[in-house]
Structures are given as C-alpha cells and as structure tokens.
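Here is how the chains run, residue by residue.
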Amino acid sequence: MLKAPDHQVAGHQAHAGKLGPLVDDSGRFYKPLQSDERGTKEAAFYSSFSSNSKIPTAIRRFFPTYHGTQLLEASDGSGMHLHLVLQDIVSNRLDPSVMDIKMGSRTWYPQASEDYIMKCLKKDRESTSVPLGFRISGLQTYESEKLGYWKPDKKVVQDFTLEDVKSTLKRFVSSNPSSNAEPDCLLASIIYGGSDGILAQLLELKAWFEDQTIYQFYSCSVLMVYEKAGVGEEGFRSRSGAEVKLVDFAHVMDGEGVIDHNFLGGLCSLIKFLSDILVSSTNRSKAEGDLKEQPEEIENDAKA
Ligand SMILES: O=P(O)(O)O[C@@H]1[C@@H](OP(=O)(O)O)[C@H](OP(=O)(O)O)[C@H](O)[C@H](OP(=O)(O)O)[C@H]1OP(=O)(O)O
Ligand SMILES: Nc1ncnc2c1ncn2[C@@H]1O[C@H](COP(=O)(O)OP(=O)(O)O)[C@@H](O)[C@H]1O
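Note on numbering: residues in each chain are counted from 1, in written sequence order. To label them, take the chains in the order written and letter them from A, then take the ligands in the order written and number them from 1. Reporting of local features is limited, given that this is a predicted model, to residues whose pLDDT is at least 70; pairs of side-chain atoms are given and counted only at 80 or more, and all residues count toward the totals for whole chains, interfaces and linings. Values shown for side chains rest on all heavy atoms present in the structure; no hydrogens or waters enter the calculation.

- If you look the protein up in an unreviewed UniProt entry, it shows as Inositol polyphosphate multikinase from Papaver atlanticum.
- UniProt positions are given in the numbering used here, feature names are shortened, and annotations may be inferred rather than shown by experiment. Entered under Sequence similarities (unreviewed entry) in the UniProt record, the comment concerning the protein runs "Belongs to the inositol phosphokinase (IPK) family."

Written out as structure tokens, the structure reads:
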C-alpha cells in the first residue's frame, strides 16, 4: 500500500492533493518525476551514475540505490505518473532523526531561466547559503516517547540565521532538542564522531569531491540520518547507524572536467561546524569526567 512518507523533512510533499513522493513496506521510496525537465534530468542522472564505472565503489554508498522508474498512481490524483524507484533511506530505522542540508552557496545552474535564477538567488542571499555555503532545508530529531520529534516548521527553518544553524546542528545530536536550555550534545561523539560517524563519512565524500570532475551537483542535499536506539540507565546506547546520503539530483550538470567547488566549499564549511561541535562536546565531557574524578584523587592524596 503506497502512502506519503512519515519522515520526509523537506521538498515537495504528497499531501493536500499535491504531487510528492510515496513509500510502501518494501523499503522503496517512489519520487514522482517532476515537471520542467527536472524529472527526466534526475532519472538521467541516476541512470548515468549507476552505470558509470568511474565512480568508486566506496562512494556509491553515499547515494540511494536506484531501481529504475515505475508507473504508479500519483499522489495528487492525476492518474498514472512515472516515479523514480529509490532505496528508502529511513525505512529500516526506528524513530529516525533526519536533517536535509542543501549544499552550495549557489543553488541555480547555468542555462536555467532568468526567473528561476532570480528565485534561487533570492533564497540563497536570504538564507545561510551565501555566507555558509549550505542551508538547512528541514529536519526532525527524535526526543523521547513522551515528546516525540522536534521538527521545526518549514517557515522557521527557512529563516535560520548563522546562529540558528550552529544551534540546530547541536540540537540534532542532543537529548533535549526542543528545550530552551543549551543543547547538551550528548550524542555528538557517537553520531558526528567515531571511525564511521557523520564526520568521517563527510571527509570521505570530501576526498572524492576534491578529485571528481564528472558532475556538478547544483541544489543537491546532504541527508544526515541516525536513530536513537533508546535511553538506558547508562545513557544513550551506540547503535545509531549514522549515515550520510546525497539526494535530489534534478539540477546536476556535466562536470566538464572542473571540480565542483560550489558543493565542495559547502562541504568544507559543514565539516568545520560539525568538528567544532565535536571538539567542544569532547572537551566538556572531559572536564566533567575530571571533576568527577577529583574527590577520589583528593582522597588518594590525603592517604599518601
Ligand atoms: O516550491 P517551493 O517554493 O517551496 O520551492 C522548492 C524548494 O523548497 P524551499 O521552499 O526552498 O524549501 C525546494 O527546496 P528543498 O528541496 O525543500 O530544499 C527545491 O528547491 C524545489 O526546487 P527543485 O525541485 O529543486 O527545482 C523548489 O521548488 P520549485 O519552486 O522550484 O518548484
Ligand atoms: N531515498 C530517500 N529515502 C528516504 N527519504 C528521502 C529519500 N529521498 C528524499 N527523501 C526525503 O524527501 C525529502 C525531499 O527530497 P528531494 O529529493 O530533495 O525532493 P524535492 O526534489 O522535492 O526537493 C528529503 O529531505 C528527505 O526527507
């Protein structure tokens, strides 16, 4: 049975008679081909990417698996419509936390219409895209059984300032995301840190972007996904499955032998924000650990 995904955080949504993606129980995400060539361009990208032998195997894990296209009943009631059949990145996760980050200080692509360029330029200038090289497009982060998800409204997210972005990246890995108190970043070391945490994955992606000249990923998003496995007596357990995926390839262009400095710049900037959060949360835990150890040390000193 096809239905609108529960965990979509940005983009066009299948509600109120609108055209949007659908999911079923098979773990697939059906994205309707969009109008104005966007849909055909995205399908062409997936098809080219899937068959391109120059893409390193290790890099493929950062893209949803592509299963071709399929005619399905569209969510807007307009009848049969061609859909991209993609891996549903969140289907096997319990209470997934998801953030969509649109990459690049420039989201418009060469050859776009003047109207489209003006619309994108306005959004880029009025959001953090121009100053930071990325903007948060949407997110949800699971807080608790009682409070459910912290999922700020689209309008609130669109107005995010630099400080809001910093705070949201912290809240995303905190046990108290919706609180007015300082986010505790309790999960930063598990989700952002570690040998296969978000930062390590972004650094792997960066190494590829420093080399690849096959594509220019205009207006593409980095999705960060993880699941809080629950809170035990000892705090959060580490079964997070933190994952980075790229989505939305409607405006990908041929790289023409040039590195994608627009995407790469945003990636470096995002990496710096996450590294800073990780360093400060590690320092804080260390300071708290030192404080806890102090009484014993004092006792030992007294015995000596
Ligand atoms: O429909 P809108 O005005 O919300 O804009 C869409 C954007 O939503 P936003 O409001 O910026 O969060 C939307 O952005 P997100 O995916 O939500 O980050 C896309 O930029 C979309 O354009 P396209 O399908 O990539 O060509 C945009 O769609 P189009 O307006 O280009 O159809
Ligand atoms: N393969 C996927 N699996 C699960 N969720 C996805 C997948 N692709 C996209 N999404 C969800 O849908 C949202 C919008 O996707 P996107 O491809 O950017 O659509 P649009 O072109 O309408 O902007 C993402 O923010 C994410 O929440």
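Continuing now.
A short note on the domain arrangement of the protein
- What fixes the domain bounds is an automatic or database domain assignment. When the domains of the protein are assigned, the result is domain 1 (22-87) and domain 2 (96-289).
- Spacing between the C-alpha centres of domain 1 and domain 2 amounts to 22 Å.
- Using a 1.4 Å probe, buried area is obtained as the accessible area two parts lose upon being combined, added over both of them. Buried surface at the junction of domain 1 and domain 2, summed over both partners, amounts to about 1700 Å²; 61% is from carbon and sulfur atoms.
- Looking only at domain 1, the three residues that lose the most surface to domain 2 are Lys41, Arg61 and Phe62, adding up to 36% of its buried area.

What to know about the site of ligand 2
- Being near a molecule or strand, for a residue, comes down to having at least one heavy atom within 4 Å of it. Lining the immediate environment of ligand 2, one finds 17 residues, of which His12, Lys31, Gln87, Ile89 and Asp100 sit closest.
- Any pair of N or O atoms that falls within 3.5 Å is considered a polar contact. Within protein, one atom must be able to donate a hydrogen and the other to accept it, and sequence-neighbouring residues count only if both atoms are side-chain atoms. Contacts to ligand 2 include Lys31, whose side-chain N or O atom sits 2.8 Å from an oxygen atom.
- The separation between a nitrogen atom of ligand 2 and a polar main-chain atom of Gln87 is 2.8 Å.
- Alone, ligand 2 offers 560 Å² of accessible surface; in the complex the protein occludes 93% of this.
- Taken together, the residues of the shell around ligand 2 sort by class into seven nonpolar, six polar and four charged.
- Looking at which domains feed residues into the shell around ligand 2, each of domain 1 (22-87) and domain 2 (96-289) supplies at least three. We get accessible surface area from the Shrake-Rupley algorithm with a probe of 1.4 Å; when it comes to residues, only the shown protein chains can shield them. Each residue receives one of three labels: charged for Asp, Glu, Lys and Arg, nonpolar for Ala, Val, Leu, Ile, Met, Phe, Trp, Tyr, Cys and Pro, and polar for the others, Gly being one of them.

Describing the nonpolar core
- Ranked by internal contacts, the top residues of the largest apolar core, which has 59 residues, are Phe63, Leu169, Tyr192, Phe217 and Met224.
- Under the DSSP-based scheme used, a helix requires at least four consecutive residues in state H or I and a strand at least two consecutive residues in state E, with every element numbered from the N terminus. Here the element with the most residues in this core is helix α9 (residues 261-303); it accounts for nine residues.
- When residues of this core are sorted by domain, at least three fall in each of domain 1 (22-87) and domain 2 (96-289).
- Nonpolar cores were defined as sets of buried Ala, Val, Leu, Ile, Met, Phe, Trp, Tyr and Cys residues, with membership established by side-chain atoms within 4.5 Å. For the exposure calls, accessible area comes from a 1.4 Å probe over protein chains only, and a residue counts as buried if that area is under 20% of its type's maximum, exposed if over 50%, partly exposed in between. In this structure, Val9, Ile89, Leu223 and Val247 belong to the second largest nonpolar core, which totals seven residues.

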